[in-house]
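Here's the letter readout for the chains.
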Amino acid sequence: MTYHQIDARKEYVKRARESFQEQEEDWTHPAPEHEEPAFGKTFSLRLVLGLLLFLLFVLADMTNFQIFDYSTTDIAYEIASKDNYTNLEKYVMMLLTDKN
């Protein structure tokens, strides 16, 4: 380690120790207005979009509507198919091992 790295490490440890000595605010105080919720706005949008797609799927199933010549049973079978999941799982594991 160089002297610059040692000094930087000492400063980091000093700031970390000082952060524990500060008084925590009372949890009963309201959250500041400028902070975003924990899930953020995109989570709500994705939840609504997923719910909408699910309701459209249920409606298509009840009316026997076909989407691009695929029935809802064909779509459900493809989703539940283990082959596609296994290929996807292998691809994800390949990506994860490449990063390490």
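Here, every reference points to the structure presented above.
Residues numbered from 1 in each chain as written. Predicted model: local features only at pLDDT ≥ 70, side-chain atom pairs only at ≥ 80, totals over all residues. Heavy atoms only, no water.

A closer look at the overall build of the protein chain
- Along the backbone of the protein chain there are 4 helices and 0 strands.
- Secondary structure elements of the protein chain, listed N to C terminal, follow the sequence α-α-α-α.
- Classification of the 100 residues of the protein chain by burial places 5% in the buried group.
- Of the accessible surface of the protein chain, which amounts to about 10,400 Å², a share of 61% is contributed by carbon and sulfur atoms. (Helix = DSSP H or I, 4+ residues; strand = E, 2+ residues; numbered from the N terminus. Buried < 20%, exposed > 50% of the residue type's maximum accessible area, 1.4 Å probe, protein only. Areas by Shrake-Rupley, 256 points an atom, 1.4 Å probe, with all protein chains shown as cover.)

Overview of a nonpolar patch on the surface
- Together, L88, Y91, V92, M93, M94, L95 and L96 make up an exposed nonpolar region whose accessible area comes to about 650 Å².
- Note that V92 resides in helix α4 (residues 82-99). (Patch = residues over 30% accessible without salt bridge, like charges linked within 9 Å, V, L, I, M, F, W, Y side chains within 5 Å. Salt bridge = Lys/Arg side-chain N within 4 Å of Asp/Glu carboxyl O.)

Here we look at the pattern of salt bridges
- Under the definition given, this model contains 1 salt bridge.
- Between E11 and R15 there is a salt bridge, with the nearest N and O atoms lying 4.0 Å from each other. Within this pair, E11 and its partner R15 are both found in helix α1 (residues 3-21), separated by 4 residues, close to a single helical turn.
- Classification of R15 as partly exposed rests on a relative accessible area of 48%.

A word on unusual backbone geometry
- Its identity as a non-glycine residue notwithstanding, N64 has a phi of 55°, on the positive side.
- Within the fold, N64 resides in the loop between α2 (40-62) and α3 (72-80).
- Here the phi dihedral of D69 falls at roughly 65°; this positive angle occurs in a residue that is not glycine.
- Residue placement: D69 occurs in the loop between α2 and α3.

Let's talk about the side chain of T72
- If you trace the backbone, T72 turns up in helix α3.
- Residue classification places T72 among the buried positions, given a relative accessible area of 7%.
- Among all residues touching T72, those that are not within four sequence positions of it are F57, A60, D61 and F65. (Contact = heavy atoms within 4.5 Å.)

Keep in mind these values describe shape, not function.
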